[in-house]
Amino acid sequence: MAASLTFLLIVAVSIRAVLFRSSLAEIISERVEVVSPLNAWKRVVEGLALLDLGVSPYSGDVFHEIADGITAVALYLSIQTYNKNVFRKQKYALESDRYPLDSHELLRSPKEMFYIPLKVAMFYLLNPFTILSCVAKSTCGLNNAIIAVFILCTLKGSALLSGIFLALATTQSIYPLTLFAPALLFLLQRLYIPVNLWRSSFWFFTSQYVFMYVGSVVVITGLSFFLLGSWDFIPSVYGFILSVPDLTPNIGLFWYFFAEMFEHFRVFFICVFQINVFFYTIPLSIKLKEHPVFLIFMQIAIISIFKSYPTVGDVALYMAFLPAWSHLYRFLRNIFLVSCVLLVCSALFPVLWHLWIYAGSANSNFYYAITLLFNVGQILLVSDYFYAYLRREHHLTHGLYLKKKDGTEATLVLK
Amino acid sequence: MGLLSDPNRRKALTNLLTRLNTPICIVCYLAAIMWFMGLAFEPFTLRTYMSENAMGSTMVEERFPSGERALSTAKEFDAHKRKAGGMPVEWLVKTMQARGLEVFTQSFSRTLPFPDENKERYMVRGTNVYGILRAPRAPRTEALVISAPCSPGNSNNQAVGLLLTLAQYFRSQVYWAKDIIFLVNEHDLIGMQAWLEGYHHTNITGIEYSPLQGRAGSIQAALSLELSSDVITSLDLVLEGLNGQLPNLDLANLFYAFCQKLGVLCTIQGKLQRNDWDTAEGYTHAAQTLMLMVLKQASGHAWGDHGLFLRYHIEAASIQGINSFRHYKTDVTTIGRLLEGMIRKLNNLLERLHQSYFFYLLPSLSRFVSIGYYMPAFGLLAVILLLRALDLWVHLGTPALAEVDGVREVEQQWTTGPNLRAICFLVSLESSSPGVLSVLTPVVISHLTGVALYLLPVQLQEMAVEHFPVSETEAVVLTAVAIYTAGLALPHNAQWLLSGEGTEQGWRVLKLTSLLYLAVLLGCTALINFSLGFILAITLVPIAACITPHMPRALSALAVVLLSPGFVILYCVFIYQELIESPVSISEGWILFLSVISQGILDHVLYRSLVYPLLALFIYPCWLMFWNILFWK
């Protein structure tokens, strides 16, 4: 396995190296789908130059390749750990006869699970979205790496490191804040502490984790302050993310909406849009409190769909998790439709951009229509996986062949 | 969302779509053709109207008086052109300066990848001369361009004469709010390309040119004038530009409005408008005009000097004077007035032309079909591809069920269709991983052939000329044809490369991939250049929809070859000749076909037209994939 992972890494790095040296790199790094004002490498270099740090320490493609490599390895190890957990849990449940007989074919076999971590790494490294993002030197790769390391630390059960990396991710782009809930749920589950508001052990661990997290956030913010010597970075980073002043088109939902908006409704709708990102945490955490890793996946997906400056690099991160849920394929309903939609949209983005910006014959509505469709596709994908996951869990406890009260076959419908 | 989440309803829908797949596809195909042919029927089209406020409501009065002087200038120009044996640069500079313009020249040179036999040129060296009339009434931030090509022989002298006389007349007027650039370009499109690249500080085609010494503001609109006789019977408007891009419809409306006002006969695609739309002849006439526009647009060629402006977001059109045997003639003064009126209206623009349509087809100058009306014709064809893909997807799931133990079959009764198919698809993919390889091999080989078709013709010309008794141009074209034909031998080679034989699943997966690939390709093409997308769709979709390895080989192979992109170009050549009323014999047609291919390659190298790379790198490999399916073993 290690050999194949190494081979995969080499292949991925060489693809990127070739692209970096080709003339495509410059074109890709200008694409709005790939870089946003938040993560454009051009702006990082500008920022560093303004800081008068001389030559930036990361001014090479190697840095971005390493970031992608770290993400892939971290995801590989996390999914490996996760699969071990799942398998152990399944074994206990099987031994205690908790599964109905007819749902045994839903159980996962080690043979099937063996290649999943490698597939996850492959989905991340060889995903065209990741490659584009890396070649564009978007710092999105760096964010992804931090989130991946955070997931790894959480799954390995290290509360302190998990808190630190979550704090790092949060200070980079705020939205990973919503990953706090699944991380906490996972750590609680690992220590066999039930989520019970009347138990002191629950509150003790929660406050401990909150303290580690908030402490790291404070330390990182403090460090930034001492490095920069002023608090300017708070409005210019977090204000920039939250109030969305830059309406450069991207694959997200914000730009068109706020470009068309009357100015006096702006604050209200910004609140609505931003709350929307965070809001799903509560219902999802309640529904998925037994399955924190799936919750992490859902949260990452929701962030990448609804965040203010999304790029294809964000999409690539949650898509990397899809092989980990390959056992859900039998319950997916719209995978063909959704993959067609995502495929077509990815092809149409550059075409409509060309027609709008260069040819001048189409306009922003065309491009936004595709953005909308792309996001609808993503939402369908995520909700399909959500439904499939819940349905599998339901079958695991209630048996595969459901009967209605009158004895006829029943179907599950999500309404 | 009920449809997407309720398993019963989904099942019903999927069943319906798979059961009625073939009839629905046939209906869609026929409907697409009917729809397209209906576009030329006058009641289904819209009357053109001026959308731009700044041009619609303002009055201008045309006073240009000096048609005679334009003709004498044309004679003078002709004499100097003969004397200089090309562009009389010095005379032009002097004349323009005498008319009070700021005059600059730009020299350029370009070596073609292979000799252009139509225009007999290989190493091109030339000079553009342009004069700027500075706007007296406004800051110099915007400009208009009037251009006339300096062509070899007797042609276009009158255009240059009129241009210079217009310059003199415009100089004495005070109402100009935009700079006006009078450009005389040599070597038609090559010179225009050099000038535009120089003006915009870009170099995308690798042409060598000297930088422009003077420039005006950003160019808002451009008119290119071609005039070769002292009197004309009608004016023809040419809109099709590079890659099938069209200028804003308001420019055509403007031209039409002035033709009406001044009583000049105006044509599009060389066809006069008829008023008898309810007769068969009337409809045929409109349909022919529409078909000509579609063919011209699909070629991706710039059909006039204006064609290169469009890439820079400049609305431009060419106006060609036509002198036929009609009795009713228009003199140069009237043409001058028409141009004066158009330029004055454009001068009134407050922003770039953007109000009206950019995507349209014209069955006549006063009628248009907008994107919303013609896209359904393409959409109906694209739907066929998606329906076939869905059908395959469903079928890919079902046979796998039988192979697995009985449990799954019980499941089928209650599980929704496609979920199961998804697993089965993946199961089949996983269980037969050589299957994936056997699908990937044809895809890669087809694309490599495409790359060869794209690169080799130009690269190998020297070698071909050495070994065969052909000229460079012939070498390039014949290499292209040879590689294209060699691609047909591929299925056998691909089979040879594979260790095992292809499975029943294998070709289905390959077909599914190819269908989706073709759908995406055609969709993108149709958005950029509807005509090209539609012509390709109408020929490729039947192949894509019906093809299986179980058809009678020889017959279906013949059909597939006859509908391949290369043959489509051949048909287009014949249809085009038929439509412009100069039908050709088979051998002439073949020679024309070869010259069209060389033009296509030249267009790509000289002006970065996208049609040749699109056909060579994407459409042809995609067609080869279907060819592979036919010969699947």
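Residues numbered from 1 in each chain as written. Chains lettered and ligands numbered in written order. Predicted model: local features only at pLDDT ≥ 70, side-chain atom pairs only at ≥ 80, totals over all residues. Heavy atoms only, no water.

Undergrad: Is there a simple way to explain the overall build of chain A in this structure?
TA: Looking only at helices and strands, one finds 19 helices and zero strands in chain A. Buried positions account for 54% of the 415 residues belonging to chain A. At a minimum sequence separation of 6, the contacts of chain A that also span at least 24 residues come to 76%. If you sum the accessible surface of chain A, you get close to 18,900 Å²; carbon and sulfur atoms cover 71% of it. Counting 29 positive and 23 negative side-chain charges, chain A places the centres of these two groups 10 Å from one another. (Helix = DSSP H or I, 4+ residues; strand = E, 2+ residues; numbered from the N terminus. Buried < 20%, exposed > 50% of the residue type's maximum accessible area, 1.4 Å probe, protein only. Contact = heavy atoms within 4.5 Å. Areas by Shrake-Rupley, 256 points an atom, 1.4 Å probe, with all protein chains shown as cover. Lys, Arg positive; Asp, Glu negative; His and termini not counted. Charge placed at Lys NZ, Arg CZ, Asp CG, Glu CD.)

Undergrad: Looking at this model, I keep getting lost on the pairing of strand S14 (residues 360–364) of chain B. Mind explaining?
TA: Two faces make up the sheet, and in a regular strand the side chains alternate between them. All names here are of chain B. Of all the five residues making up S14, five are buried; the element is thus mostly covered by neighbouring parts of the structure. Bridge count between S14 and strand S15 (residues 367–370): three bridges; the pairing is antiparallel. Residue pairing in the sheet places Leu361 in a bridge with Val369 of S15. (Pairing = 2+ DSSP bridges.)

Undergrad: Help me understand the pairing of strand S2 (residues 102–116) of chain B, please; the structure alone is not making it clear to me.
TA: Residue and element names in this part refer to chain B. Counting buried positions along S2 yields eleven of 15 residues, so the element is predominantly enclosed. The pairing of S2 with strand S3 (residues 121–133) spans eleven bridges and is classified as antiparallel. Considered in S3, the bridge of Glu102 is made with Ile132. Two successive antiparallel strands, S2 and S3, enclose a turn made up of four residues, where Glu120 displays a positive phi of approximately 50 degrees. Looking at chain direction, S2 and strand S6 (residues 208–209) are connected through two bridges and run antiparallel. Bridge pairing in S6 links Ser109 to Glu208.

Undergrad: Please clarify how the domain arrangement of chain B should be interpreted in this entry.
TA: Think of interface size as the accessible area that goes away when the parts come together; that is how it is often given. Residue and element names in this part refer to chain B. We note that the domain assignment places domain 1 (53–351) and domain 2 (436–631) within chain B. Centre-to-centre, using C-alpha coordinates, domain 1 lies 36 Å away from domain 2. Taken together, the 32 residues of domain 1 in the interface contact 30 residues of domain 2. It is Phe114, Asn243 and Leu295 that lose the most area in domain 1 upon contact with domain 2, and together they represent 25% of the buried surface on that side. Summed over the shared surface of domain 1 and domain 2, the result is one salt bridge. For the salt bridge of Glu581 with Lys271, the shortest nitrogen-to-oxygen distance reads 3.4 Å. Taken together, domain 1 and domain 2 are joined by 15 residue pairs in polar contact (both at pLDDT 80 or more). Elements with a contribution of two residues or more to the side of domain 1 that touches domain 2: S2, helix H8 (188–200) and helix H10 (280–299). Take the side of domain 1 that touches domain 2: its biggest share by element is nine residues, from H10. Considering only residue class, the side of domain 1 that touches domain 2 consists of 15 nonpolar, ten polar and seven charged. (Domains from an automatic or database assignment. Buried area = accessible area lost by both parts, 1.4 Å probe. Salt bridge = Lys/Arg side-chain N within 4 Å of Asp/Glu carboxyl O. Polar contact = N/O pair within 3.5 Å; in protein donor to acceptor, adjacent residues only side chain to side chain. Nonpolar A, V, L, I, M, F, W, Y, C, P; charged D, E, K, R; others polar.)

Undergrad: Explain a positive patch on the surface to me, please; I cannot follow it from the model alone.
TA: Residues and elements named next belong to chain A. A surface patch of positive charge is lined by Lys84, Arg88, Lys91, Lys156 and Arg190. Note on placement: Arg88 falls in helix H4 (residues 61–95). A residue is classified by how much of its surface remains accessible, and Arg88, at 42% relative accessible area, is partly exposed. (Patch = residues over 30% accessible without salt bridge, like charges linked within 9 Å, V, L, I, M, F, W, Y side chains within 5 Å.)

Undergrad: Sorry, what's going on with the packing of aromatic side chains here?
TA: Two aromatic rings are characterised by how far apart their centres lie and by the angle between their planes. This structure, assessed with the given rule, holds 66 aromatic pairs over all chains. Taken together, a centroid distance of 4.8 Å and an interplanar angle of 25 degrees make the contact between Phe336 of chain A and Trp393 of chain B stacked. Placement of the pair is Phe336 of chain A in helix H18 (residues 335–358) and Trp393 of chain B in helix H12 (residues 371–403), with the two residues belonging to separate chains. Each of the two residues, Phe336 of chain A as well as Trp393 of chain B, counts as buried. (Phe/Tyr/Trp six-rings, centres within 6.5 Å; stacked < 30°, edge-to-face > 60°.)

Undergrad: Which parts of the structure should I look at to understand the nonpolar core?
TA: Within soluble globular proteins, side chains that are nonpolar generally end up buried alongside one another. Membership of the largest hydrophobic core comes to 329 residues, with the highest contact counts inside it found for Trp325 of chain A together with Phe182 and Trp195 of chain B. With 15 residues, helix H24 (residues 611–630) of chain B is the largest single contributor of residues to this core. For this core, the domains that each give at least three residues are domain 1 (53–351) and domain 2 (436–631) of chain B. Residue contacts for Trp325 of chain A: discarding those within four places in its chain leaves Tyr82, Val293, Phe294, Phe297, Tyr385 and Tyr389 of chain A. Of all hydrophobic cores here, the second largest spans eight residues; its members include Phe258, Met261, Phe273 and Tyr309 of chain A. (Core = buried A, V, L, I, M, F, W, Y, C linked by side-chain atoms within 4.5 Å.)

Undergrad: Would you mind showing me how to read the packing of helix H9 (residues 159–173) of chain A against helix H11 (residues 200–228) of chain A here?
TA: Packed helices, taken two at a time, are described by their axes: the angle between them and the distance between them. All names here are of chain A. Here H9 crosses H11 at 45 degrees, and the two axes come no closer than 8 Å. Classed by the angle they form, the pair H9 and H11 counts as oblique. The handedness of the crossing between H9 and H11 comes out as right-handed. For the pair H9 and H11, contact is made by Ala159, Leu160, Ser162, Gly163, Ile164, Leu166, Ala167, Leu168, Thr170 and Thr171 and by Phe205, Tyr209, Met212, Tyr213, Ser216, Val217, Ile220 and Thr221, respectively. A class-by-class count of the residues in the contact of H9 with H11 yields twelve nonpolar, six polar and no charged. (Axes fitted to C-alpha atoms, helices over the stretch in contact; angles between N-to-C directions. Parallel < 35°, antiparallel > 145°, perpendicular 65-115°, else oblique. Left-handed = near helix turned anticlockwise from the far one by under 90°.)

Undergrad: Help me out: how do you make sense of the sheet that holds S14 of chain B in this one?
TA: Across a sheet, paired strands are connected by hydrogen bonds in the backbone, their directions being either parallel or antiparallel. Residue and element names in this part refer to chain B. Read from one edge of the open sheet, three strands run S1-S15-S14, paired in antiparallel fashion. Taken across any chain shown, the strands that pair with only one partner, and hence form the sheet edges, are strand S1 (46–47) and S14. Across two bridges, the pairing between S1 and S15 is antiparallel. Within S15, the residue paired with Leu46 across the bridge is Phe368.

Undergrad: Please explain the pattern of salt bridges as it appears in this structure.
TA: Oppositely charged side chains can form a pair if their charged atoms are brought close together. Residue and element names in this part refer to chain A. Tallied over the entire structure, the rule returns 17 salt bridges over all chains. For the salt bridge of Arg16 with Asp68, the shortest nitrogen-to-oxygen distance reads 2.9 Å. With Arg16 in helix H1 (residues 2–21) and Asp68 in helix H4, this pair connects stretches of sequence that are 52 residues apart. The pair Arg16 / Asp68 is uniform in exposure class, with both members buried.

Undergrad: Sorry, what's going on with H11 of chain A here?
TA: An α-helix turns once every 3.6 residues. As a result, residues three or four positions apart point the same way. Residue and element names in this part refer to chain A. Between its first and last C-alpha atoms H11 spans 41 Å; for 29 residues at 1.5 Å apiece the expected length is 42 Å, and the two agree. Within the sequence span of H11, burial applies to Phe202, Phe205, Thr206, Tyr209, Met212, Tyr213, Ser216, Ile220, Thr221 and Gly222. Turning to H11, the residues buried within the fold contact helix H8 (140–156), H9, helix H10 (180–190) and helix H12 (233–243). Where H11 ends, the next residue or the one after it, Gly229, has phi of about 75 degrees, a positive value. (Expected span 1.5 Å × (residues − 1).)

Undergrad: Looking at this structure, how should I read the sheet that holds strand S4 (residues 142–150) of chain B?
TA: Residue and element names in this part refer to chain B. Ordered by their spatial adjacency, ten strands build an open sheet running S6-S2-S3-S5-S4-S7-S12-S9-S10-S11, and the pairing between neighbours is mixed. Of all strands in the sheet, those bounded by a partner on one side alone are S6 and strand S11 (271–272). Taken together, the six bridges between strand S7 (residues 218–226) and strand S12 (residues 315–322) define a ladder with parallel strand orientation. Across the sheet, residue Leu225 finds its bridge partner in S12, namely Ile319. Relative to S12, helix H9 (residues 249–262) is tilted by about 35 degrees, and along the sheet it contacts strand S9 (234–238), strand S10 (266–268) and S12. Against the sheet, helix H11 (residues 332–347) touches S4, strand S5 (179–186), S7, S9 and S12, its axis set at about 170 degrees to S7.

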